[in-house]
Amino acid sequence: MTALLADTHRAGQARGAHDLIIAATARATNRTVVTADPTGFDGLTGVSIATYG
């Protein structure tokens with residue numbers, strides 16, 4: 001999760017705590033986050049995103 005926090009600080013974009021927890025879980029388990037609103041996950045290293053809707 002620290003790498004994801006570093007990404008957010010570098011980008012200067014605030015992220016929701018829940019989005020970071022979801023992203024960290026997806027990254028740790030090598031899974032894809034499926035979401036209708038990818039803005040909470042854009043630019044996070046090692047997090048795969050798929051959008052729907």
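It should be noted that the structure appears before, not after, this text.
Our subject in this report is the structure included herewith. (Residues numbered from 1 in each chain as written. Predicted model: local features only at pLDDT ≥ 70, side-chain atom pairs only at ≥ 80, totals over all residues. Heavy atoms only, no water.)

1. Here's the deal with the overall build of the protein
For the protein, the helix and strand inventory stands at 2 helices and 2 strands. Here the C-alpha atoms of the protein give a radius of gyration of 10 Å, agreeing with the 10 Å that 2.2 N^0.38 yields for 53 residues. The C-alpha extent of the protein, read off along each of the three principal axes, is 30 × 20 × 15 Å. Relative to its 53 residues, the protein shows a buried fraction of 26%. Across the protein, contacts joining residues at least 24 apart in sequence account for 28% of those joining residues at least 6 apart. Split by element, the accessible area of the protein, about 3500 Å² in all, is 54% carbon and sulfur. The centroid of the 4 positive side-chain charges in the protein is displaced by 9 Å from the centroid of its 4 negative side-chain charges. (Helix = DSSP H or I, 4+ residues; strand = E, 2+ residues; numbered from the N terminus. Rg over C-alpha atoms; globule rule 2.2 N^0.38 Å. Buried < 20%, exposed > 50% of the residue type's maximum accessible area, 1.4 Å probe, protein only. Contact = heavy atoms within 4.5 Å. Areas by Shrake-Rupley, 256 points an atom, 1.4 Å probe, with all protein chains shown as cover. Lys, Arg positive; Asp, Glu negative; His and termini not counted. Charge placed at Lys NZ, Arg CZ, Asp CG, Glu CD.)

2. Let's talk about the pattern of salt bridges
Taken as a whole and judged by the stated rule, the model has 1 salt bridge. One salt bridge connects Asp 7 with Arg 10, and the closest N-O pair in it is separated by 2.7 Å. Of the two residues, Asp 7 and Arg 10 both sit in helix α1 (residues 2-11), 3 residues apart, roughly one turn of that helix. Residue Asp 7 is classed as buried on the basis of its relative accessible area of 8%. Its relative accessible area of 65% is what places Arg 10 among the exposed residues. (Salt bridge = Lys/Arg side-chain N within 4 Å of Asp/Glu carboxyl O.)

3. Considering the environment of Val 47
Along the chain, Val 47 falls in the loop between β1 (32-35) and β2 (48-51). Beyond its immediate chain neighbours, meaning those up to four positions away, Val 47 contacts Leu 4, Ala 23, Arg 27 and Val 33.

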